[in-house]
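Each chain, written out:
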Amino acid sequence: MTVIVLEPVVDDTNDTNTQNENVDDEFVVPESNAFGHNFRDYEKDSIRKEIVQEFYRKNHIYQTFEFAKKKKEHYGKLDKTEMSIWECCELLNEYVDESDPDLDEPQIEHLLQTAEAIRRDYPDEDWLHLTALIHDLGKVLLHPAFGEEPQWCVVGDTFPLGCAFDESIVHHQFFKENPDSGNPAFNTKQGIYTENCGLDKVTMSWGHDEYMYLVAKGNNTTLPPAALFIIRFHSFYAMHRSGAYTFLMNDEDEEMLKWLQVFNKYDLYSKSKVRINQEQVKPYYLSLINKYFPEKLKW
Ligand SMILES: O[C@H]1[C@H](O)[C@@H](O)[C@H](O)[C@@H](O)[C@H]1O
Ligand SMILES: [Fe+2]
Ligand SMILES: [Fe+2]
């Protein structure tokens, strides 16, 4: 198979840097987000603050162990529809993520921004480019074809259920009203889990991470295990950023975490108002999709 590798391209009409000047530079973590604030600052007054807070209030109250298990069973059947990866990317054109203090652009922009940024620094790891492109495709659960799930059970940071909620989780205060907080089987540090059981055994709050992991696995992707780990746990900030829940992790998880931390830099800090020229980069990503996925996937 011939893979045509184009240089990473940004639509720089609003940017003072030109594409050619940028191409050899490493991705630089910006000092502030598109609203002039620190990234992931959930307390800072901004036009996004209230929307984000209300999102996490609902998310933390309604995400229970039982709820997440049921959703996983339901969507794990992959009997909702059939479509290609690119079709799914295009569906995300319509959605803005209510949990995100750093971005109010349609989701397809975020996918391409992440993928193009990581491609620039890791030109030879094509699996990482594709992982970045698809990591948030699970947000398609918001679409009417999937029962129009509300945002609180699709986006936002994720956390383990069946054990105590760690204080490093954003807006931790809202867990007070989660029924699992009063359940003695669930509210101890280890809860229902055995020490170092491995994250694969943990029931995470339901959302786009777990769903896209099920889709990728259920459609027999040839992406490496690190890609599946990134997709499945990229929203688990309490683990990959705050270092919480290490008692649930095994040696394999620790290994995979290294790639997740590489990925996170691009997922978080590439969020900006600079748009990627979709038509220009599309052939490259189609070639990767072709390499790692069947043409049509079950969703
Ligand atoms: O608001 C964001 C967004 O929903 C991302 O897709 C998710 O991965 C992050 O964890 C979350 O903070
Ligand atoms: Fe995400
Ligand atoms: Fe993302």
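Below: a short report on this structure. Everything numeric in this text was worked out from a predicted model, so none of it was measured.

### Details of the coordination of the iron ion (ligand 2)
So, point 1. Within the protein, the iron ion (ligand 2) binds to Asp136 (OD), His208 (NE2) and His234 (NE2); these donor distances fall in the range 2.0 to 2.2 Å.
So, point 2. Binding-site remark: the iron ion (ligand 2) is held by donors from one chain whose sequence spacing is D-x71-H-x25-H.
So, point 3. Judged by its relative accessible area of 3%, Asp136 is buried.

### A closer look at the coordination of the iron ion (ligand 3)
So, point 1. For the iron ion (ligand 3), the protein coordination sphere consists of His110 (NE2), His135 (NE2), Asp136 (OD) and Asp267 (OD), at 2.1 to 2.3 Å.
So, point 2. Coordination at the iron ion (ligand 3) is irregular, judged from the 4 donor atoms that bind it and the angles of 84 to 171° they form at the metal.
So, point 3. All donors of the iron ion (ligand 3) belong to a single chain; written as a sequence motif, their spacing is H-x24-H-D-x130-D.
So, point 4. The metal-metal distance between the iron ion (ligand 3) and the iron ion (ligand 2) is 3.7 Å, with Asp136 coordinating both. You can see Asp136 sitting in the loop between helix H6 (126-134) and helix H7 (208-218) and its partner Asp267 sitting in helix H10 (residues 251-269), a full 131 residues away along the chain.
So, point 5. On the basis of relative accessibility, which here comes to 5%, the residue Asp267 falls in the buried class.

### Describing the packing of H6 against helix H8 (residues 225-233)
So, point 1. With their axes 10 Å apart at the nearest point, H6 and H8 run at an angle of 25° to one another. As summarised for this structure, H6 and H8 are arranged roughly parallel, according to the angle between their axes. Between H6 and H8 lies a crossing of right-handed hand. On H8, the residues touching Trp127, Leu128, Thr131 and Ile134 of H6 are Ala226, Ala227, Ile230 and Ile231.

### Digging into the packing of aromatic side chains
So, point 1. In total, this model carries 22 aromatic pairs according to the counting rule given.
So, point 2. Measuring from ring centre to ring centre gives 4.9 Å for Phe39 and Tyr269, while their planes differ by 75°; the resulting arrangement is edge-to-face. One end of the pair, Phe39, is in the loop between helix H1 (19-22) and helix H2 (49-62); the other, Tyr269, is in helix H10, with 230 residues separating them in the sequence. Of the two residues, Phe39 and Tyr269, neither departs from the other in class, the shared state being buried.
So, point 3. Judged by centre distance (5.8 Å) and plane angle (10°), the rings of Tyr75 and Trp206 are stacked. Of this pair, Tyr75 sits in helix H3 (residues 65-76) while Trp206 sits in the loop between H6 and H7, and the two are 131 residues apart along the sequence. Each member of the pair, Tyr75 together with Trp206, is buried.
So, point 4. Each member of the aromatic cluster is reached from another via a ring pair, and the members are Phe27, Tyr122, Trp127, Trp259 and Tyr266.
So, point 5. A cation over a ring is seen here: Arg119 above Tyr284, with NZ or CZ 3.8 Å from the ring centre.

### Here's the deal with H10
So, point 1. Between its first and last C-alpha, H10 extends 28 Å over 19 residues, near the 27 Å set by a 1.5 Å rise per residue.
So, point 2. Maximal helix bending in H10 amounts to about 25°, located at Phe263.
So, point 3. If you check which residues of H10 are buried, you get Asp253, Met256, Leu257, Leu260, Phe263, Asn264, Tyr266, Asp267, Leu268 and Tyr269.
So, point 4. Packing partners of the buried residues in H10 comprise helix H5 (107-121), H6, H8 and helix H9 (237-240).
So, point 5. You can read the cap of H10 off the contacts: a side-chain oxygen lies 3.2 Å from the backbone nitrogen of Glu252, and it is on Asn250.

### Observations concerning the packing of H5 against H6
So, point 1. In contact at an axis separation of 7 Å, H5 and H6 are set at 165° when each is read in the N-to-C sense. Taken as axis vectors, H5 and H6 run roughly antiparallel relative to one another. Of the two elements, H5 crosses H6, and the hand of that crossing is right-handed. Contacts between H5 and H6 pair Leu111, Leu112, Thr114, Ala115, Ile118 and Arg119 from the former with Leu128, His129, Ala132 and Leu133 from the latter.
So, point 2. Across the contact of H5 with H6, the residue classes tally to 7 nonpolar, 2 polar and 1 charged.

### Points about the pattern of salt bridges
So, point 1. Using the criterion set out here, one finds 21 salt bridges in the structure.
So, point 2. The partner of Lys271 in a salt bridge is Asp100, with the nearest N and O atoms 2.8 Å apart. Taken together, the residues span a long stretch of sequence, with Lys271 in the loop between H10 and helix H11 (278-292) and Asp100 in the loop between helix H4 (85-91) and H5 at a distance of 171 residues. Of the two residues, Lys271 and Asp100, neither departs from the other in class, the shared state being buried.
So, point 3. In this structure, the salt-bridge partner of Glu210 is Arg232, at a minimum N-O distance of 3.1 Å. Taken together, the residues Glu210 in helix H7 and Arg232 in helix H8 connect sequence positions 22 residues apart.
So, point 4. Classification of Arg232 by relative accessible area gives buried; the value is 7%.
So, point 5. A network of salt bridges, in which partner residues are shared, links Asp104, Glu105, Glu109, Lys273 and Arg275.

Conventions we followed
Per chain, residues are indexed from 1 in the order of the written sequence. Chains and ligands are labelled by the order in which they are written, letters from A for the one and numbers from 1 for the other. The predicted nature of this model means local features are confined to residues of pLDDT at least 70 and side-chain atom pairs, given and counted, to a pLDDT of 80 or more, with totals for whole chains, interfaces and linings taken over all residues. Think of the side-chain values as coming from all heavy atoms in the structure, minus any hydrogens and water. Coordinating donors are taken as N, O and S atoms within 2.8 Å of the metal, stretched to 3.2 Å for Na, K and Ca; because water is absent from the atoms, sites can appear incomplete. A simple rule labels every residue: compare its accessible area, found with a 1.4 Å probe on the protein chains alone, to the largest value its type can have, and call it buried under 20%, exposed over 50%, or partly exposed in between. Each label reflects the angles at the metal, where four donors whose angles all fall between 85 and 135 degrees are tetrahedral, four or six donors whose opposite pairs open beyond 155 degrees and whose other angles stay between 65 and 115 are square planar or octahedral respectively, and the rest are irregular. Numbered from the N terminus, helices here are DSSP runs of H or I no shorter than four residues, and strands are runs of E no shorter than two. Note on geometry: axes are C-alpha line fits, over the in-contact stretch for helices, and angles between N-to-C directions span 0 to 180 degrees. Angle categories are assigned with fixed cut-offs, so that under 35 degrees is roughly parallel, over 145 is roughly antiparallel, 65 to 115 is roughly perpendicular, and the rest are oblique. We call a crossing left-handed when the near helix sits turned anticlockwise from the far one by less than a right angle, and right-handed when that turn is clockwise. The contact rule is simple, with two residues in contact once any of their heavy atoms fall within 4.5 Å. When two rings of Phe, Tyr or Trp (its six-membered ring) have centres within 6.5 Å they constitute a pair, described as stacked for plane angles under 30 degrees, edge-to-face for angles over 60, and tilted for the intermediate range. Criterion for a charge above a ring: Lys NZ or Arg CZ within 6 Å of the ring centre, and within 35 degrees of the ring normal. Here a helix's expected span is defined as the number of its residues, less one, multiplied by 1.5 Å. Axes are fitted to the seven residues ending at a residue and to the seven starting at it; the angle between these axes is taken as the bend at that residue. Within 3.5 Å is the distance limit for a polar contact, defined as a pair of N or O atoms, with the added protein rule that one can donate a hydrogen and the other accept it, and that residues adjacent in sequence qualify only through two side-chain atoms. Classification convention: Asp, Glu, Lys, Arg as charged; Ala, Val, Leu, Ile, Met, Phe, Trp, Tyr, Cys, Pro as nonpolar; all other residues, Gly among them, as polar. Definition used for salt bridges: Asp or Glu carboxyl oxygen within 4 Å of a side-chain nitrogen of Lys or Arg.

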